[in-house]
Every structure is written in C-alpha cells, then in structure tokens.
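A look at the structure
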Amino acid sequence: LSFRTLPLSKIKRDIMPNTALGVENNLSISGWSLYLGLFVLVGGSSAYSKLGFISSASIAASVLVTYLIGSLIDSNKGRRLLRFSAVGNSILHLSRIFVSTYNGAFLVNVTNEFLTVGYKMPFVKGKYDAVDGLPGHRIVYFASLEIIASTVKATLWFVLALLST
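First, a word on scope: everything that follows refers to the structure included in this document. This structure is a prediction, so every number in the text was calculated from the model and none was measured. (Residues numbered from 1 in each chain as written. Predicted model: local features only at pLDDT ≥ 70, side-chain atom pairs only at ≥ 80, totals over all residues. Heavy atoms only, no water.)

**Looking at the environment of His137**
- Within the element layout of this structure, His137 appears in the loop between α4 (102-131) and α5 (138-164).
- By relative accessible area, His137 is classed as buried at 15%.
- As for His137 and Ser2, which are separated by 135 residues in sequence, their C-alpha atoms are 8.3 Å apart.
- The contacts of His137, once residues within four sequence positions are left out, are Thr5, Leu6, Pro7 and Val131. (Helix = DSSP H or I, 4+ residues; strand = E, 2+ residues; numbered from the N terminus. Buried < 20%, exposed > 50% of the residue type's maximum accessible area, 1.4 Å probe, protein only. Contact = heavy atoms within 4.5 Å.)

Okay, structure coming up:
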C-alpha cells in the first residue's frame, strides 16, 4: 500500500463530492437531532422517547426503501435517482427550519431517509465504479477520500466549537 503511487489526477474529481457528502451526513445527523431535542420535542422526559420513536421509524423506512432503490440502480437509473434525491434532500434541508411539531419532525425524518438512501446508494456505487479504473489502489483510494473528508469534518467541528464560545 502506497499513497505515492495513487494517481491524484484521477481522484481529484472524487474528493469534493465525497467530502461534501461526509460533511452533510455529519451535520445532518448531529445538528438535526440537536435541533429537535432543543426546540421541537421539548417538554420533559417524553422528548427522549419521541426522538427515539422518530429515529426508529426512520431506520425502518430506510431499510424498506433500500431494496427498491437497489433495483433502480441495477436497472441503470442510478444517475437520475441520485440527481432527483440530492435536489429533494436539499429542499428538505432548507425546510427543516420551519419544523415546529412532532408530526412535522416525523414526516421530515422519514422523507429524509427515502431521499438519503436515494442519493447515497448510487453515489457509493459510483465510487466503486471509479476505483475499478485504478487497479491495485482500492484501499488507498478509499483511505485517501476518508482522510480528506474526516480532516474537513474535524476542522468544521473545531470552527463551530470556537464560534460557540
């Protein structure tokens, strides 16, 4: 395994989308749960059970839709699905600030799971397709992308921590 032999010119285009996906995923999971806990599901100990139920229902929705999305990807509709789901998820992220009720949070979370699976599965398939063109570099390719994405995420959280003080 050597990072020196990895042709950077062939992975440059993969760095930004992979990093953006990692940051979006990280902020979405942490920030949204924090927002729900602080501003939407307030009111005693029932907030934890409500958040738990929303999370459980979202995971169930994700599992149910995965098979359908996998079959769409296998029938060469992955690119269209990725584009549709990414745009839909962007709109959903923008609408989250207007969520103020338990039912709204539930609806947003379940919809988010459908859309997230809809763009993550084709994206990951695309990464594996891209690395197929780099024989002998699979581990280094994925490690490089993860190192860069994790560095950006750590920097982001550090900056957010600085801003909060």
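Next, the rest of the story.
**A short note on the packing of helix α3 (residues 78-95) against α4**
- The geometry of α3 relative to α4 is characterised by a closest axis approach of 8 Å and an angle of 145 degrees between their N-to-C directions. For α3 against α4, the interelement crossing comes out left-handed. Touching Gly78, Leu81, Leu82, Phe84, Ser85, Ala86, Gly88, Asn89, Leu92 and His93 of α3 are Val108, Thr111, Asn112, Leu115, Thr116, Gly118, Tyr119, Pro122 and Phe123, all from α4.
- The residue inventory of the contact of α3 with α4, partitioned by class, reads 10 nonpolar, nine polar and no charged. (Axes fitted to C-alpha atoms, helices over the stretch in contact; angles between N-to-C directions. Left-handed = near helix turned anticlockwise from the far one by under 90°. Nonpolar A, V, L, I, M, F, W, Y, C, P; charged D, E, K, R; others polar.)

**A few points about α5**
- Taking 1.5 Å of rise per residue, 27 residues should cover 39 Å, and α5 covers 39 Å from first to last C-alpha, within 8% of that figure.
- Along α5, the residues classified as buried are Val140, Tyr141, Phe142, Ser144, Leu145, Ala149 and Lys153.
- Here the buried face of α5 lies against α1 (8-40) and α4. (Expected span 1.5 Å × (residues − 1).)

**What to know about the packing of aromatic side chains**
- In this structure the tally under the stated criterion is five aromatic pairs.
- Judged by centre distance (5.9 Å) and plane angle (15 degrees), the ring pair of Phe53 and Phe106 falls under stacked. With Phe53 in helix α2 (residues 46-74) and Phe106 in helix α4, this residue pair connects regions lying 53 residues apart in the sequence.
- When its relative accessible area of 28% is taken as the criterion, Phe106 is described as partly exposed.
- Judged by centre distance (5.2 Å) and plane angle (75 degrees), the rings of Tyr141 and Phe142 are edge-to-face.
- An aromatic cluster is defined as three or more aromatic residues linked by ring pairs; in this entry it consists of Trp32, Tyr35 and Phe39.
- It is Lys50 that lies over the ring of Tyr102; its NZ or CZ is 5.8 Å from the centre. (Phe/Tyr/Trp six-rings, centres within 6.5 Å; stacked < 30°, edge-to-face > 60°. Lys NZ or Arg CZ within 6 Å of the ring centre and 35° of its normal.)

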